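Residues per chain, in single letters:
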Amino acid sequence: MAERISDAEHAVMEVLWDESPLSAQDVGDRIPERDWSANTVKTLLGRLLAKNIIAHQEEGRRYLYRPLVERGDYVTGESRKLMDRLFGGKLTPLVAHLAERDELTDSDIAEIEALLKGLKA
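Residues numbered from 1 in each chain as written. Predicted model: local features only at pLDDT ≥ 70, side-chain atom pairs only at ≥ 80, totals over all residues. Heavy atoms only, no water.

(A) Spatial organisation of the pattern of salt bridges. Per the stated rule, a full pass over the model turns up eight salt bridges. Put simply, Arg30 and Glu19 hold a salt bridge, and the shortest N to O gap is 3.2 Å. Residue Arg30 is located in the loop between α2 (24–29) and α3 (38–50), and its partner Glu19 is located in the loop between α1 (7–18) and α2; the two are separated by eleven residues in the primary sequence. Arg30 gets classed as partly exposed once you look at its relative accessible area, which sits at 38%. We note a salt bridge from Asp84 to Arg80, for which the minimum N-O separation is 3.4 Å. In this pair, Asp84 and Arg80 both sit in helix α4 (residues 71–87), four residues apart, roughly one turn of the helix. Salt bridges sharing common partners tie together Arg4, Glu78 and Lys81. (Salt bridge = Lys/Arg side-chain N within 4 Å of Asp/Glu carboxyl O. Helix = DSSP H or I, 4+ residues; strand = E, 2+ residues; numbered from the N terminus. Buried < 20%, exposed > 50% of the residue type's maximum accessible area, 1.4 Å probe, protein only.)

(B) Structural context of the environment of Arg30. Along the sequence, Arg30 and Lys51 sit 21 residues apart, while their C-alpha atoms lie 22 Å from each other. Here Glu19 takes part through its side chain, which lies 3.2 Å from a polar atom of the side chain of Arg30. (Polar contact = N/O pair within 3.5 Å; in protein donor to acceptor, adjacent residues only side chain to side chain.)

(C) Structural view of the side chain of Ser23. Looking at the element boundaries, Ser23 is found in the loop between α1 and α2. Judged by its relative accessible area of 4%, Ser23 falls in the buried class. Setting aside chain neighbours within four positions, we find Ser23 in contact with Arg62, Tyr63, Leu64 and Tyr65. (Contact = heavy atoms within 4.5 Å.)

(D) Examining the pairing of strand β2 (residues 62–67) more closely. Here strand β1 (residues 54–59) pairs with β2 via six bridges, running antiparallel. Bridge pairing in β2 links Ile54 to Pro67. In sequence, β1 turns back onto β2 through a hairpin of two residues, with Gly60 there showing a positive phi of about 65°. (Pairing = 2+ DSSP bridges.)

Structure representation (structure tokens):
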């Protein structure tokens, strides 16, 4: 996925990743904390269509939208961009940064250790 998506577009994508296909009305109904108008939701869907991140199909007088990009692929791409931009493409400095600021709990450390042990096996 070459094009970045905004925070608002990401909120729409989270809805579509959870359940699809959905109409614009259904998408808006599933993001009540944003209190967006129908036009705002349609604008966001239009932007995502233009970026080829979602597709739509006609059903009667409405369109149903579905993601073309899997959530896992999006997360992988965004994670890679973050590591490349801030940590020279390396994971170790990112983990060190979090550890140095006491942002890793004992549980986080245990999960990382288990993950590393599994990767070594």
